[in-house]
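Single-letter residue listing:
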Amino acid sequence: MTSRGTEKTLQKLRQSVHDGKYYEAHQMYRTVARRYNKQEQYKSSIRLLHDGAILLLQHKQYGSGSDLANYMLETYKLVPIPVDEESLDRVVEILSLLPAKDAGRKQYISNAFRWATTNNESLHDYVGTLFYYEKNYTSAEEHLLQGTDHSAEILGKVAYDWAKQENAQWKGVYLARIVLQYLASKSIHHAHLAYNSFISAGPQPTAGESQVKKAPADSFTPVPVYNDPWINFIQLVLLTVQRDAAPLFTDLRSKYEELYDQEKNFVELLNDIGFIFFNIPKPKKQGNMIQEMMASLFSGGNQQKQLSGTSTNEDLD
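All residue numbers refer to positions counted from 1 along the written sequence of the respective chain. Under the rules for a predicted model, residues below a pLDDT of 70 receive no local features and side-chain atom pairs below 80 are neither given nor counted, while totals for whole chains, interfaces and linings still include all residues. The basis for every side-chain value is the complete set of non-hydrogen atoms in the structure, without hydrogens or water.

## Brief notes about the packing of helix H2 (residues 22–38) against helix H4 (residues 62–78)
Axis definition: a line fitted to C-alpha atoms, over the contacting stretch in the case of helices. Angles run 0 to 180 degrees between N-to-C directions. Each helix is a run of DSSP H or I of at least 4 residues and each strand a run of E of at least 2, with the numbering of both proceeding from the N terminus. The geometry of H2 relative to H4 is characterised by a closest axis approach of 10 Å and an angle of 5° between their N-to-C directions. By the angle between their axes, H2 is roughly parallel relative to H4. Residues His26, Tyr29, Arg30, Ala33, Arg34 and Asn37 of H2 pack against Ser64, Asp67, Leu68, Tyr71, Thr75 and Leu78 of H4. Residue composition of the contact of H2 with H4, by class: five nonpolar, four polar and three charged. By definition in this entry, angles of less than 35 degrees are roughly parallel, angles greater than 145 are roughly antiparallel, angles of 65 to 115 are roughly perpendicular, and the rest are oblique. Contacts: residue pairs with any heavy atoms within 4.5 Å of one another. Residue polarity follows a fixed list, in which Ala, Val, Leu, Ile, Met, Phe, Trp, Tyr, Cys and Pro are nonpolar, Asp, Glu, Lys and Arg are charged, and the others, Gly among them, are polar.

## Some points on H2
Taking 1.5 Å per residue as the helical rise, H2 with its 17 residues ought to reach 24 Å, and the 24 Å between its terminal C-alpha atoms agrees with that figure. For each residue, the accessible area found with a 1.4 Å probe, counting protein chains only, is set against the maximum for its type, and the residue is called buried under 20%, exposed over 50%, and partly exposed in between. Within the sequence span of H2, burial applies to Ala25, His26, Tyr29, Arg30, Val32, Ala33, Tyr36 and Asn37. Phi turns positive one or two residues past the end of H2, at glutamate 40, with a value near 60°. Between the first and last residue of a helix there are one fewer steps than residues, each counted as 1.5 Å, and that sum is the expected span.

## Side note on a negative patch on the surface
Like-charged residues are merged into a patch within 9 Å and nonpolar side chains (Val, Leu, Ile, Met, Phe, Trp, Tyr) within 5 Å, provided each residue has over 30% relative accessible area and no salt bridge. Here, Shrake-Rupley sampling with a 1.4 Å probe gives the accessible areas, and only protein chains in the shown set may cover a residue. Counted as salt bridges are all cases of a side-chain nitrogen of Lys or Arg within 4 Å of a carboxyl oxygen of Asp or Glu. His residues and chain termini do not enter the charge count, which takes Lys and Arg as positive and Asp and Glu as negative. Each charge is placed at NZ for Lys, CZ for Arg, CG for Asp and CD for Glu. Residues Asp84, Glu85, Asp89 and Glu93 make up a contiguous surface patch of negative charge. Secondary-structure assignment places glutamate 85 in helix H5 (residues 85–97).

## Section: the environment of leucine 180
By the element assignment, leucine 180 lies in helix H10 (residues 172–184). Separated by 11 residues in sequence, leucine 180 and alanine 191 place their C-alpha atoms 7.7 Å apart. Every residue in contact with leucine 180, bar those within four places of it in the chain, is listed here: Ile234, Phe266, Leu269, Leu270 and Ile273.

## Structural notes on the packing of aromatic side chains
Here the aromatic set is Phe, Tyr and Trp, taking the six-membered ring for Trp, and pairing holds for ring centres within 6.5 Å; pairs whose planes are under 30 degrees apart are stacked, those over 60 apart are edge-to-face, and all others are tilted. Going through the model one piece at a time under the given rule, you end up with 12 aromatic pairs. A ring pair is formed by tyrosine 160 and phenylalanine 198, whose centres lie 5.6 Å apart and whose planes are at 70°; its orientation type is edge-to-face. Of this pair, tyrosine 160 sits in helix H9 (residues 149–165) while phenylalanine 198 sits in helix H11 (residues 188–200); the two residues are 38 residues apart in sequence, bridging distant segments of the chain. For the pair tyrosine 160 and phenylalanine 198, one class covers both residues: buried. Here the aromatic rings of tryptophan 230 and phenylalanine 266 are separated by 5.4 Å at their centres, their planes lie at 75°, and the arrangement is edge-to-face. On the criterion of sequence distance, the pair formed by tryptophan 230 in helix H12 (residues 229–240) and phenylalanine 266 in helix H15 (residues 264–278) is long-range, its members being 36 residues apart. Phenylalanine 266 matches tryptophan 230 in its accessibility class, with the two residues each being buried. The rings of Tyr132, Tyr133, Tyr137, Trp162 and Tyr174 are connected pair by pair, giving a single aromatic cluster. As a reminder, the over-ring test applies to NZ of lysine and CZ of arginine, requiring each to be within 6 Å of the ring centre and within 35 degrees of the ring normal. Above the plane of the ring of tyrosine 71 lies arginine 30, whose end atom (NZ or CZ) is 4.5 Å from the centre.

The following block contains the structure:
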């Protein structure tokens, strides 16, 4: 079908929506799009589905609108359509019209990421920022950690606002979960962006000032000492990972161990950071004693030979 034919069809379908014939319009959008796909006229199909989704959502027909939106994503995958500014703009425009509580939005977001498996940092940034303004901080963190520089800055605000919402004694513990994850992914740049954003997000009471060298050859630079021990810890971690300073990192961990030791995830992240930046071997995980005993009892011939050998050695002794 020619572009003139597509435009004529669109005008007819739009009129149906404006006339309140939502069910009829929804079914016709689907039928025509399916025909285009069979004819491999994917560009026309995508244009039609995007147009229908937007129009129906603007008329608060969220079920029908999200259905056409998901059909558009199916067509994206069928072609396949590359993840670029044009294709992402369509996805984001539709998402901006889906209410947070609409049942179809969650599925639409999932389908969007099933299509955008690569080059999806901008999509993660948009979705994560959307969740941040809805105060869904857990989901915001999940997406923003995979996003852009802007995402890292928003994550600093996420950490601060999340801590306020939870009335945390030390807001810095929420900063720590962000910065340590970034560093465990080798992203010092994003860790710094998140840290600076957190510090500027609200008042951070200080207890004084200290002098540090950011590199061995540098002169001393003043840095604030905060009342919040978590902020001090993260500030020192950031300074340390920028130097060839394995002993300093080990000493830092020792001094702050009581602070983070009860946070298992933090311990594992710090182990990862020590290995990535300073080649410090990770502690070996302790084996399960019961599992090892069961393996010894039921492992068969090789284990029996080892047990026999051990017995002989003990006899010789």
